Amino acid sequence: MTSDRLFVPSKQEYVRGKRPNVKCILCSVVNKDPKVDKLDIYSSENFIISVNLYPYNPGHLMIFPKKHIESVVELNDNEVLELHKLQVMSINILKENYNAQAFNIGYNIGLNSGASIEHLHLHIVPRYPREVGFIDVISGTRIIVEDPINTVNKLKKLFNKEN
Ligand SMILES: [Zn+2]
């Protein structure tokens, strides 16, 4: 059993759920606020793709508009098409490079839905055949997650190669 990726997260604050003290974390990413971690990997005309701050799985991405909106009803037709293309690109890259076997893709809209960030964001969660939870440990020794910073570096290259 040596083939699995073995990684112990170095940034424990991700696990604890510590958040920077900013009004809107996604607007802060858009505005390159130094208080937020640089987890963005790709920028299109109206959207940013970033690695999720609190990844459910390695390769968990978020696609969000550069403008602060809180619901899909505020997207225009051009933006919907652009967003769709970014989803397709994300799925293809995660399939090829992370060997993702399936995906959960969706929004939480409104704070009553469980959304913790009001700024609209589309989650792309790759699913793998043998998953363990973010901090589950098998046999007391194994943690199979990827440091979000490593994910950023890897995916940034891949996404910017595509276009
Ligand atoms: Zn915002």
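Preceding block: the structure.
Quick caveat: nothing in here was measured; it's all calculated off a predicted structure.

What follows deals with the coordination of the zinc ion. For the zinc ion, every protein donor is listed as Cys24 (SG), Cys27 (SG), His68 (ND1) and His119 (ND1), and the spread of their distances is 2.0 to 2.3 Å. Each of the 4 donor atoms bound to the zinc ion contributes to angles spanning 104 to 114°, and the resulting shape is tetrahedral. Along the chain, the residues donating to the zinc ion fall in the pattern C-x2-C-x40-H-x50-H. Cys27 matches Cys24 in its accessibility class, with the two residues each being buried.

Let's shift gears to a nonpolar patch on the surface. On the surface, Val72, Val73, Tyr107 and Ile109 cluster together into a nonpolar patch covering about 330 Å² of accessible area. We classify Ile109 as partly exposed; its relative accessible area is 37%.

If you check helix H3 (residues 77-98), its first and last C-alpha atoms are 31 Å apart, about what 22 residues at 1.5 Å a residue would give, namely 32 Å. Of the positions making up H3, those classed as buried are Glu79, Glu82, Leu83, Leu86, Gln87, Met89, Ser90, Ile93, Leu94 and Tyr98. Here H3 starts with a cap whose side-chain oxygen sits 3.1 Å from the backbone nitrogen of Asn78, and that cap is Asn76. Backbone geometry just after H3 places Asn99 at a positive phi near 55°.

The subject of this paragraph is the nonpolar core. In terms of nonpolar packing, the biggest core is built from 37 residues, with Ile41, Ile49, Leu61, Ile63, Leu155 and Phe159 touching the most fellow members. Breaking this core down by element, the ones donating at least two residues are helix H2 (25-30), strand E1 (40-43), strand E2 (47-51), strand E3 (61-65), H3, strand E5 (122-127) and helix H4 (148-162). Here the element with the most residues in this core is H3; it accounts for 6 residues.

Let us look at the environment of Ile109. Position of Ile109 relative to the elements: it lies in the loop between strand E4 (102-106) and E5. When the C-alpha atoms of Ile109 and His119 are compared, they prove to be 8.9 Å apart, with 10 residues separating the residues in sequence. When neighbours within four sequence positions are excluded, Ile109 is seen to be in contact with Glu70, Ser71, Val72 and Leu120.

Sheet architecture is open: 5 strands sit in the order E1-E2-E3-E5-E4, paired in antiparallel fashion. In this open sheet, the two strands that pair with only one neighbour each are E1 and E4. Ignoring strand direction, the axes of neighbouring strands in this sheet form an average angle of 20°. Inspection of the sheet shows E4 paired to E5 by 5 bridges, in the antiparallel sense. Bridge assignment links Ile105 to a residue of E5, and that residue is Ile124.

Evaluation of the coordinates by the stated rule reveals 1 aromatic pair. The interplanar angle of 40° and the centroid separation of 6.1 Å between the aromatic rings of Tyr42 and Phe159 together place this pair among those described as tilted. Pair noted here: Tyr42 is in strand E1 and Phe159 is in helix H4, with a separation of 117 residues, a long-range link. The same class applies to Tyr42 and to Phe159, which are both buried. Cation over ring: Lys154 sits above Tyr98, and NZ or CZ is 4.5 Å from the ring centre.

Reading guide: rules and limits
- Residues numbered from 1 in each chain as written.
- Predicted model: local features only at pLDDT ≥ 70, side-chain atom pairs only at ≥ 80, totals over all residues.
- Heavy atoms only, no water.
- Donors = N, O, S within 2.8 Å, 3.2 Å for Na, K, Ca; no water.
- Tetrahedral: all angles 85-135°; square planar, octahedral: opposite > 155°, others 65-115°.
- Buried < 20%, exposed > 50% of the residue type's maximum accessible area, 1.4 Å probe, protein only.
- Patch = residues over 30% accessible without salt bridge, like charges linked within 9 Å, V, L, I, M, F, W, Y side chains within 5 Å.
- Areas by Shrake-Rupley, 256 points an atom, 1.4 Å probe, with all protein chains shown as cover.
- Salt bridge = Lys/Arg side-chain N within 4 Å of Asp/Glu carboxyl O.
- Helix = DSSP H or I, 4+ residues; strand = E, 2+ residues; numbered from the N terminus.
- Expected span 1.5 Å × (residues − 1).
- Polar contact = N/O pair within 3.5 Å; in protein donor to acceptor, adjacent residues only side chain to side chain.
- Core = buried A, V, L, I, M, F, W, Y, C linked by side-chain atoms within 4.5 Å.
- Contact = heavy atoms within 4.5 Å.
- Pairing = 2+ DSSP bridges.
- Axes fitted to C-alpha atoms, helices over the stretch in contact; angles between N-to-C directions.
- Phe/Tyr/Trp six-rings, centres within 6.5 Å; stacked < 30°, edge-to-face > 60°.
- Lys NZ or Arg CZ within 6 Å of the ring centre and 35° of its normal.

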